[in-house]
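Chains, contacts and geometry: an overview
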Amino acid sequence: MVDIEEVKIQLKNRLTEKRYNHSLGASKSAKELAKIYGEDEEKAEFTGLIHDIAKEIPKENMLEYAKKYNIEIDEIEKVQLGLLHAKLGAVIAREEFEADEKIQNAIKYHTTGNKDMDTFAKIIYLADKIEENRNYDGIDELRELAKSDLDKAMLFVLDFNIQKAVNKVTLIHPDTVELRNMLLIKNIIK
Ligand SMILES: [Fe+2]
Ligand SMILES: [Fe+2]
């Protein structure tokens, strides 16, 4: 496993102070959630820390990266290039930190969500949304939900994001809708 303090130093050089602090917060929340749900705490701490490692790559360079690593850009990402930081982050995690597939998937899915998310990926997704620097209506409820029921907490965030996208007349990624449907179906069946 990588030296987490080393990673922090690297990250500090690649991110703004605000984003760096967000990453530290996500790392802490990810570790806490991992403990609750019996996932690898060290791995969660690391993944939370680097989940936004590609967030500040300039848009032009994002396309270069995508080409270099054969990253497929879908219709939505073509219009909202910023979304690509998730797929790019996963590749950087693999190339620079030898991150395993579990870590890569959690980073890849942390923005749109995906029906194939495992418990670890849900933890990273939620840690990103509840970390201590975040502040928005409903966050206290979400923080509690995240500790008691991962799927319900996921639904809470997905609904929030979908509503926001509708209000702002922006695109909704099909992976987000697919994940929401799957979680609802799972809830109805059980
Ligand atoms: Fe992100
Ligand atoms: Fe983030």
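The structure presented is a predicted model; accordingly, all values stated were derived computationally and were not measured.

**Quick look at the coordination of the iron ion (ligand 2)**
- Here the iron ion (ligand 2) is held by His22 (NE2), His51 (NE2), Asp52 (OD) and Asp128 (OD), and the distances to it run 2.2 Å.
- Considering all four donor atoms around the iron ion (ligand 2), the spread of angles at the metal, 79 to 170 degrees, places the coordination shape in the irregular class.
- Within one chain, the residues serving as donors to the iron ion (ligand 2) are arranged as H-x28-H-D-x75-D.
- The metal-metal distance between the iron ion (ligand 2) and the iron ion (ligand 1) is 3.5 Å, with Asp52 coordinating both. Linking Asp52 in the loop between α3 (41–50) and α4 (59–68) with Asp128 in helix α8 (residues 119–130), this pair joins segments that are 76 residues apart in sequence. Residues Asp52 and Asp128 agree in their burial class; the two are buried.

**What about the coordination of the iron ion (ligand 1)?**
- Surrounding the iron ion (ligand 1) are the protein donor atoms Asp52 (OD), His85 (NE2) and His110 (NE2), at 2.1 to 2.2 Å.
- Between consecutive donor residues of the iron ion (ligand 1), the sequence gaps follow D-x32-H-x24-H.

**So, unusual backbone geometry**
- A positive phi angle, close to 55 degrees, is found at Asn70, a residue other than glycine.
- By the secondary structure assignment, Asn70 is in the loop between α4 and α5 (75–79).
- Its relative accessible area of 71% is what places Asn70 among the exposed residues.
- Even without glycine at this site, Glu98 takes up a positive phi of about 50 degrees.
- With respect to the helices, strands and loops of the structure, Glu98 is situated in the loop between α6 (85–97) and α7 (101–108).

**Overview of the pattern of salt bridges**
- Taken as a whole, this structure holds 19 salt bridges when the rule is applied.
- The salt bridge partner of Lys78 is Glu75, with a shortest N-O separation of 3.2 Å. With Lys78 and Glu75 both in helix α5, this residue pair falls three residues apart, about one helical turn. Considered together, Lys78 and Glu75 belong to a single accessibility category, that of exposed residues.
- The salt bridge partner of Asp151 is Lys122, with a shortest N-O separation of 2.7 Å. Taken as a pair, Asp151 in helix α10 (residues 150–167) and Lys122 in helix α8 lie far apart in primary sequence, 29 residues in all.
- Its relative accessible area of 8% is what places Lys122 among the buried residues.
- When salt bridges that share partners are traced, they join Glu39, Lys102 and Asp118 into one network.

**Considerations on the packing of aromatic side chains**
- As enumerated under the stated definition, the model contains three aromatic pairs in all.
- Seen from their ring centres, Tyr136 and Phe160 are 5.3 Å apart, and the 40 degrees between their planes marks the pair as tilted. Within this pair, whereas Tyr136 is found in the loop between α8 and α9 (139–148), its partner Phe160 is found in helix α10, the two being separated by 24 residues in sequence.
- Among the residues examined, Phe160 registers a relative accessible area of 31% and is labelled partly exposed.

Calculation criteria
- Residues numbered from 1 in each chain as written.
- Chains lettered and ligands numbered in written order.
- Predicted model: local features only at pLDDT ≥ 70, side-chain atom pairs only at ≥ 80, totals over all residues.
- Heavy atoms only, no water.
- Donors = N, O, S within 2.8 Å, 3.2 Å for Na, K, Ca; no water.
- Tetrahedral: all angles 85-135°; square planar, octahedral: opposite > 155°, others 65-115°.
- Helix = DSSP H or I, 4+ residues; strand = E, 2+ residues; numbered from the N terminus.
- Buried < 20%, exposed > 50% of the residue type's maximum accessible area, 1.4 Å probe, protein only.
- Salt bridge = Lys/Arg side-chain N within 4 Å of Asp/Glu carboxyl O.
- Phe/Tyr/Trp six-rings, centres within 6.5 Å; stacked < 30°, edge-to-face > 60°.

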